[in-house]
Amino acid sequence: MINSIFGQAGFGPVGAQQMAALLTLVFFVVSGYPALAEPEQTTEADGLSPVEEYARQVDQFTKNAPDLGKKIEDSTKSIDGLTDVAKAREEIERIRAVIGDLLGQVTDNGVVAQLGAKARSHARQKLQALERETRFKPEERQLLIDQWRELLRQTEAAADDLETARSEFAGLLRTLQTREDFIDELMQLRRAAEAIKVIRQLTGEIRDASQKLKSLIGGIKPPGV
Amino acid sequence: MRACVASLAGACVVALLGAACSNDAGYVEIRTVPASTGSAPSLYLDSVKLEAPRKGTVVLRQQVGTTKLQSDSGGGQLAVLCDIVVKKNRVTTVTVSVLDRPPRCQCQTSVTADARSPRTCIG
């Protein structure tokens with residue numbers, strides 16, 4: 001079919017075959033590429049309950065974040081030694097990419113947040129089911145209820161902490177881009193000295209924010225730990 | 001002629017592959033005011049319905065480009081509140097006043113558009 005279409009369009013048989021192969025490749029690349037706004041699917045086939053899966057993701061995030069924090073610190077250090085605005089801007093862009101990476105991990109349409117919502121819903125359903133449970137002795141039932149209540153509390157606390165982190169990352173990203181825009185405006189006016197001054201102030205702000213984020217992320221506890 | 005068609009097709013394929021492989025993303029921060037309004041209409045980013053924000057703010061990762069913030073104007077009809085331009089590793093902040101009917105977008109940075117076309121927020 002594709003051969004006949006391209007054959008009619010004036011491609012030779014070889015050209016048509018190449019085009020068909022190319023279109024097949026395009027189809028696989030396009031269809032295999034996930035839409036960013038769509039929540040990623042998680043499998044329950046691995047046997048993990050939503051709360052455990054959420055705890056694992058939160059744990060992974062808190063473990064990976066310090067590496068990215070170090071990248072921010074390294075870039076900030078190198079900006080301090082620069083007097084070339086263009087190079088400093090490149091470093092700021094690099095920091096923006098790192099902050100963006102961190103923010104991307106905790107956005108509301110990201111895997112961690114989606115799992116958090118699923119985990120909370122699962123814990124609430126378990127609690128409701130246990131309230132109606134008649135198979136167990138009252139003290140046994142109470143034990144299970146208490147455990148699930150605690151798990152729900154921890155899950156909600158982790159979600160709140162991640163929400164604070166998300167807001168801080170977004171705030172830092174906003175500061176970086178606004179300062180960068182201001183530096184651009186200064187450079188359009190050929191005010192390089194003022195631009196350098198703004199860059200120096202910015203590195204101070206980045207350091208403060210980075211420290212704050214470090215302690216914030218260090219305080220996030222995955223549920224059930 | 002044949003060479004022209006072939007190069008045009010090639011260019012299309014390259015552009016399509018480029019778009020598909022692009023991993024460039026930016027962020028959209030949507031703040032609803034007041035933060036807790038039970039009767040607030042649902043918001044949509046293009047056709048994706050947004051979960052009601054827990055504390056009045058949602059931050060979403062979006063592919064670079066222009067996206068439409070819409071609200072449910074009743075009867076399943078979506079009304080465009082504003083266009084949001086998403087840039088790589090930048091955050092575009094939009095405040096939505098949900099008490100207004102229809103809800104209104106307030107951009108932190110906006111571009112002046114035709115009075116008839118929706119407001120455009122940029123990051």
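Everything quoted here is computed from the prediction, not taken from an experiment. Counting restarts for each chain, with residues numbered from 1 along the sequence as it is written. The lettering of chains begins at A and the numbering of ligands begins at 1, in the order of writing. Local features in this predicted model are restricted to residues of pLDDT 70 or higher, and side-chain atom pairs are both shown and tallied only at a pLDDT of 80 or more, whereas totals for entire chains, interfaces and linings draw on every residue.

**Here we look at the overall build of chain B**
Selection rule: Labels follow the DSSP assignment, with helices taken as runs of H or I lasting at least four residues and strands as runs of E lasting at least two, numbered in each case from the N terminus. Working definition of burial: number of other C-beta atoms within 10 Å of the residue's own, with buried at 20 or more, exposed at 12 or fewer, and partly exposed in between, all C-beta atoms being placed from the backbone. We call two residues in contact when their backbone-placed C-beta atoms lie within 7 Å.
The secondary structure content of chain B amounts to one helix and ten strands. Of the regular secondary structure in chain B, the N- to C-terminal order runs α-β-β-β-β-β-β-β-β-β-β. Expressed as a percentage of its 123 residues, the buried residues of chain B come to 30%. Taking as baseline every contact in chain B between residues at least 6 positions apart, the subset at least 24 positions apart corresponds to 55%.

**A closer look at the sheet that holds strand S8 (residues 104-107) of chain B**
Inclusion rule: A pair of strands is considered paired only if DSSP assigns at least 2 bridges between the two. To get an axis, fit a line to the C-alpha atoms, keeping to the stretch in contact for a helix; angles then go from 0 to 180 degrees between the N-to-C directions.
Overall, mixed pairing links the four strands, which are arranged S4-S1-S7-S8 (chain B) in an open sheet. Where the open sheet ends on each side, the last strands, each with one partner, are strand S4 (57-63) and S8 of chain B. Strand-to-strand twist of the sheet, defined as the mean angle between neighbouring strand axes without regard to direction, takes the value 30 degrees. The pairing of strand S7 (residues 91-97) of chain B with S8 of chain B spans four bridges and is antiparallel. Its bridge partner lying in S8 of chain B, Val-96 of chain B is registered against Cys-105 of chain B. The strands touched by helix H6 (residues 138-188) of chain A are strand S1 (25-33), S4 and S7 of chain B; relative to S7 of chain B, the strand with the most contacts, the crossing angle is about 115 degrees.

**With respect to helix H4 (residues 85-106) of chain A**
As a reminder, the rule being used: Take the number of residues in a helix, subtract one, and multiply by 1.5 Å to get its expected span.
Over its 22 residues, H4 of chain A extends 32 Å from the first C-alpha to the last, a length consistent with the 32 Å expected when each residue adds 1.5 Å. Within H4 of chain A, burial applies to Ala-88, Ile-92, Ile-95, Arg-96, Ile-99, Gly-100, Leu-102, Leu-103, Gln-105 and Val-106 of chain A.

**Regarding the pairing of S1 of chain B**
Residue and element names in this part refer to chain B. For S1, the buried fraction is high: seven of the nine residues fall into the buried class. With seven bridges joining them, S1 and S7 adopt parallel strand pairing. Bridged to Glu-29 within S7 is Thr-93.

**Digging into the nonpolar core**
A general trend in soluble globular proteins is that nonpolar side chains are found buried together. Selection rule: Any set of buried Ala, Val, Leu, Ile, Met, Phe, Trp, Tyr and Cys residues joined through C-beta atoms within 7 Å is what this text calls a nonpolar core.
Counting residues in each nonpolar core, the largest one holds 58 residues, and the members touching the most others are Leu-103 and Leu-173 of chain A together with Val-94 of chain B. Here the element with the most residues in this core is H6 of chain A; it accounts for twelve residues. Not counting residues within four places of it along the chain, the set of residues in contact with Val-94 of chain B comprises Val-28, Ile-30, Leu-69, Cys-82, Ile-84, Cys-105, Cys-107 and Cys-121 of chain B.

**Let's talk about the confidence of the model for chain B**
All names here are of chain B. Put simply, the rule is: Confidence of the prediction at every residue is given by pLDDT, a number between 0 and 100.
Summarising the model, chain B shows a mean pLDDT of 80, and 73% of its residues fall at 70 or more. The secondary structure element of chain B with the lowest average pLDDT is helix H1 (residues 2-21), at 51, and the one with the highest is S4, at 95. Per-residue pLDDT stays below 50 along residues 15-20; that stretch engages in six contacts with residues further than four places along the chain or on separate chains. Reported for the predicted complex are a pTM of 0.75 and an ipTM of 0.75.

**With respect to the sheet that holds strand S9 (residues 110-111) of chain B**
Within the open sheet, the six strands sit side by side as S3-S2-S5-S6-S10-S9 (chain B). Their pairing is mixed. Because the sheet does not close on itself, it has two edges, and the strands there are strand S3 (48-49) and S9 of chain B.

**Section: the packing of helix H3 (residues 50-80) of chain A against helix H5 (residues 111-131) of chain A**
Residues and elements named next belong to chain A. Going by this rule: Take the far helix as the reference: if the near one is turned anticlockwise from it by less than a right angle, the crossing is left-handed, and if turned clockwise, right-handed. Side-chain classes follow a simple rule in which Ala, Val, Leu, Ile, Met, Phe, Trp, Tyr, Cys and Pro form the nonpolar group, Asp, Glu, Lys and Arg form the charged group, and the remainder, Gly included, forms the polar group.
Contact geometry of H3 with H5 gives a least axis separation of 8 Å together with a crossing angle of 145 degrees. In the crossing of H3 with H5, the sense of the turn from one axis to the other is left-handed. From H3, Pro-50, Val-51, Glu-53, Tyr-54, Gln-57, Val-58 and Phe-61 reach across to H5, where they touch Val-111, Val-112, Leu-115, Gly-116, Lys-118, Ala-119, His-122 and Ala-123. Of the residues belonging to the contact of H3 with H5, the class tally is ten nonpolar, three polar and two charged.

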